[in-house]
Amino acid sequence: MTRQMHLNLFIQSRGHHEASWRSPLSSPLPLTDVFYYQDIAQKAEAGLFDSIFLADQLAIGEEVKQGPRTALEPLTLLGALAVSTEYIGLIATASTTYSEPFNLARQFASLDHISNGRIGWNIVTSWLAAAANNYGGDTQVSHADRYERADEYMTVVNGLWDSWAADAILDNRESGLYSRAERVRAINHEGEYYRVKGPLTIPRSPQGRPVLVQAGSSDTGRDFAARYGEAVFTAQLEKATSQEFYKDLKARAVAYGRAEDQILVLPGLSPLIASSEAEATRMADELGELADPEIGRKRISDRFGGYDFSHLPLDKPLVPEDFPDPETVEAARSRTEVILGLVRREKPTLRELLAKLAGARGHYTYAGTPDQVANLMEEWFTDGAADGFNVMPPLLPAMLEVFIDEVIPLLQQRGLFRTSYEGNTLRTHYKLAEPVSQFD
Ligand SMILES: Cc1cc2nc3c(=O)[nH]c(=O)nc-3n(C[C@H](O)[C@H](O)[C@H](O)COP(=O)(O)O)c2cc1C
């Protein structure tokens, strides 16, 4: 069978364009209404997407006045989506820096049971500096420390998910034996950051472990992804940088003894689709006019860990010296590299840069016809830049509907995308192996 692409739907706000929430084309429902998310997840399932994904931030930042982002806590929301869908994979973000591994292991094991094996965890170390203030800290935990802690965190949660053998439960009413005690083990972890005895309070879940998703692209982030990630989200503004990332990540995974096809690279793609290129560009321009550059300025400052851009005039072409060195950024380091790459290549004014980032925060944006979008996806997929895409519709649900109705059939005609689900776990959709438990 020929290789087929994987599609994840990234659900955020009323779409990924910064001004989507104001557009007459986006959903009229409140962002706290569970029906909004259920409807989108069901549409994505009808379109045969592999999965949906919910991001999360642990502080609202300064942009609350004009920019909704996450409105509901993702794990709670996944519980609701698990019972309103049947096949589609469900991925939620949770932080290794600001949560206890025992709590997180319980939550994801429970969700994997509730969804019958459709759960994925987007492992983040939380780049937003303001998050620290909500968890007893004064300043941000450094980039290096966050990843070091995350490493130990993974040992703990993987140990906990493995602490029950798949055959531990007997549930035998006649013999009076509920489980085989010798098939449930403590983990007795004592490390630098965590002391966890275990075992987990929850029997082994259908997938053994959630599918592990990762989205860090810095050098340390790539190394972490290569060790643990089974699907990797990434922001790339050019096919060439995505090819470099793809090659590098697969090589790093192989160096850790992993197979190349067990780590999927899914760059973000935010397509604005219309019946002609001119119409798509007009819609993109219309959306752009609703975006406020001052919100963009705050957001970019957050990415750079609070760096002050207030002195920069909006209409002067930017130079790299206007930005701090990404190596010194403790926040979203790899995204700052993406932004600086764009500045070096295109020399935009701050206004132009912010307009570009308003589209999808540094992910690839594209305005065109269904055919053009399908061509672009095929090209990235066949040229070693992607195993599929993190689809980020600029407007929800409108641009998801057009994508499903117009682009997916083209991908299917070209043999590039499934025409039915072959299984009902996220591991089967992503073609990932079952994790080997310590009992096997
Ligand atoms: C598609 C995508 C989604 C992400 N979602 C989140 C998120 O929900 N919460 C978060 O704190 N970071 C999120 N990140 C950021 C990364 O997890 C990572 O922390 C960030 O890129 C900084 O690490 P790095 O310098 O290693 O890349 C996301 C990144 C990407 C590409």
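Above this text sits the structure in question.
Here's what I pulled together on the structure shown here. (Residues numbered from 1 in each chain as written. Predicted model: local features only at pLDDT ≥ 70, side-chain atom pairs only at ≥ 80, totals over all residues. Heavy atoms only, no water.)

A cis amide bond links Gly198 to the next residue, Pro199, at an omega of -5°. Within the element layout of this structure, Pro199 appears in the loop between strand 8 (195-196) and strand 9 (211-214). Each neighbour pair has its own omega, and for Leu396 with Pro397 the value is 0°, a cis peptide bond. Secondary-structure assignment places Pro397 in the loop between strand 13 (388-391) and helix 12 (398-413). (Helix = DSSP H or I, 4+ residues; strand = E, 2+ residues; numbered from the N terminus.)

A word on the packing of aromatic side chains. Within this structure, the stated rule accounts for 19 aromatic pairs. Measuring from centroid to centroid gives 5.6 Å for Tyr153 and Tyr194, while their planes differ by 85°, and the two rings are edge-to-face. Here Tyr153, found in helix 4 (residues 143-161), pairs with Tyr194, found in the loop between strand 7 (189-190) and strand 8; they are 41 residues apart in sequence, far enough to count as distant. Overall, Tyr153 belongs to the buried group, its relative accessible area being 0%. On the accessibility criterion, Tyr194 (7% relative accessible area) is buried. Among the aromatic residues, those joined into a ring-pair cluster are Phe108, Trp121, Tyr153, Trp161, Tyr193 and Tyr194. Between the NZ or CZ atom of Arg3 and the centre of the ring of Phe381, over which it lies, the distance is 3.8 Å. (Phe/Tyr/Trp six-rings, centres within 6.5 Å; stacked < 30°, edge-to-face > 60°. Buried < 20%, exposed > 50% of the residue type's maximum accessible area, 1.4 Å probe, protein only. Lys NZ or Arg CZ within 6 Å of the ring centre and 35° of its normal.)

Of note, Asp162 is situated in the loop between helix 4 and strand 5 (169-172). Relative accessible area serves as the criterion here: at 7%, Asp162 is assigned to the buried category. Ignoring sequence-local partners within four residues, the contact set of Asp162 consists of Arg204, Arg209, Val436, Ser437, Gln438 and Phe439. (Contact = heavy atoms within 4.5 Å.)

Another point: the environment of Glu279. Position of Glu279 among the secondary structure elements: in helix 7 (residues 277-290). Sequence spacing of Glu279 and Tyr421 is 142 residues, and the spatial spacing of their C-alpha atoms is 34 Å. A polar side-chain atom of Glu279 sits 2.9 Å from a polar atom in the side chain of Arg282. (Polar contact = N/O pair within 3.5 Å; in protein donor to acceptor, adjacent residues only side chain to side chain.)

The next thing to look at is the site of the ligand. Looking at the ligand, there are 25 residues lining it, with Asp56, Tyr147, Ser217, Ser218 and Ser334 nearest. Between the ligand and Ser218 there is a distance of 2.6 Å, counted from an oxygen atom to a side-chain nitrogen or oxygen. A distance of 3.4 Å separates an oxygen atom of the ligand from a polar backbone atom of Arg333. Taken by itself the ligand offers 620 Å² of open surface, and the protein chains cover 96% of this. Given that more than half its atoms are within 2 Å of the pocket grid, the ligand belongs to the largest pocket. Mapped by element, the contributors of at least two residues to the shell around the ligand are strand 4 (119-124), helix 4, strand 10 (231-234) and helix 9 (333-346). A total of 3 residues in the shell around the ligand trace back to one element, the largest contributor, which is helix 9. Taken together, the residues of the shell around the ligand sort by class into 9 nonpolar, 13 polar and 3 charged. (Near = heavy atom within 4 Å. Areas by Shrake-Rupley, 256 points an atom, 1.4 Å probe, with all protein chains shown as cover. 1 Å grid on protein atoms, 1.4 Å probe; cavity = no way out; pocket = protein on both sides within 12 Å on 5 of 7 lines; lining within 4 Å. Sits in = over half its atoms within 2 Å of the grid points. Nonpolar A, V, L, I, M, F, W, Y, C, P; charged D, E, K, R; others polar.)

Across all of its chains, the model carries 27 salt bridges by this definition. Across the pair Asp315 and Arg351 runs a salt bridge whose closest N-O atoms are separated by 2.8 Å. One end of the pair, Asp315, is in the loop between helix 8 (293-303) and helix 9; the other, Arg351, is in helix 10 (residues 350-360), and 36 residues separate them in sequence. Through salt bridges with shared partners, one network takes in Asp219, Arg222, Asp223, Glu244, Asp248 and Arg252. (Salt bridge = Lys/Arg side-chain N within 4 Å of Asp/Glu carboxyl O.)

This paragraph deals with the side chain of Ser51. In this structure, Ser51 sits in strand 2 (residues 51-54). Given the relative accessible area of 0%, Ser51 is considered buried. Within the structure, Ser51 has its side chain in polar contact with the side chain of Tyr430 (distance 2.7 Å). Aside from chain neighbours lying at most four places away, what touches Ser51 is Leu7, Asn8, Leu9, Ile88, Gly89, Ile91, Leu426 and Tyr430.

Residue placement: Gly359 occurs in helix 10. Separated by 351 residues in sequence, Gly359 and Asn8 have C-alpha atoms that sit 18 Å apart.

Another aspect to go through is helix 5 (residues 219-228). Residues of helix 5 that are buried: Gly221, Arg222, Phe224, Ala225, Ala226 and Tyr228. Contacts made by the buried residues of helix 5 are with strand 4, helix 4, strand 9, strand 10 and helix 6 (239-255).

Applying the stated criterion across every chain, the model contains 5 cavities of 30 Å³ or more. In this structure, the largest cavity encloses a volume near 130 Å³. Lining the largest cavity are 12 residues, and of these Arg299, Ile300, Arg303, Leu357 and Arg361 lie nearest its centre. Here the lining of the largest cavity takes 4 residues from helix 8, the largest share from any one element. For the lining of the largest cavity, the per-class residue count stands at 5 nonpolar, 1 polar and 6 charged. Size it by volume and the second largest cavity reaches roughly 100 Å³. Around the second largest cavity, the lining comprises 12 residues; the ones closest to its centre are Ile11, Tyr37, Leu54, Ala55 and Thr70. Taken together, the residues that form the lining of the second largest cavity break down as 8 nonpolar, 3 polar and 1 charged. (Points joined across faces, edges and corners; volume = space filled by probe spheres on them.)

In this structure, the largest pocket occupies an estimated 940 Å³ of space. Every residue lining the largest pocket is counted, 48 residues in all, and those nearest its centre are Ala215, Gly216, Arg303, Ser334 and Arg335. With 8 residues, the top contributor of residues to the lining of the largest pocket is helix 9. Of the residues that constitute the lining of the largest pocket, the class distribution is 16 nonpolar, 19 polar and 13 charged.

Side chains on a regular strand alternate between the two faces of the sheet. Extensive coverage of strand 1 (residues 6-11) is indicated by the burial of 6 of its 6 residues. Here strand 1 shows two buried faces, one formed by His6, Asn8 and Phe10 and the other by Leu7, Leu9 and Ile11. The pairing of strand 1 with strand 13 spans 4 bridges and is parallel. By the bridge assignment for strand 13, Asn8 is matched with Asn390. As paired strands, strand 1 and strand 2 are joined by 4 bridges and run parallel to one another. Across the sheet, the residue bridging to Leu9 is Ile52, located in strand 2. With helix 1 (residues 34-46) bridging strand 1 and the parallel strand 2, this β-α-β connection has right-handed handedness. (Pairing = 2+ DSSP bridges. Right-handed = clockwise from strand over helix to strand, strands pointing away.)

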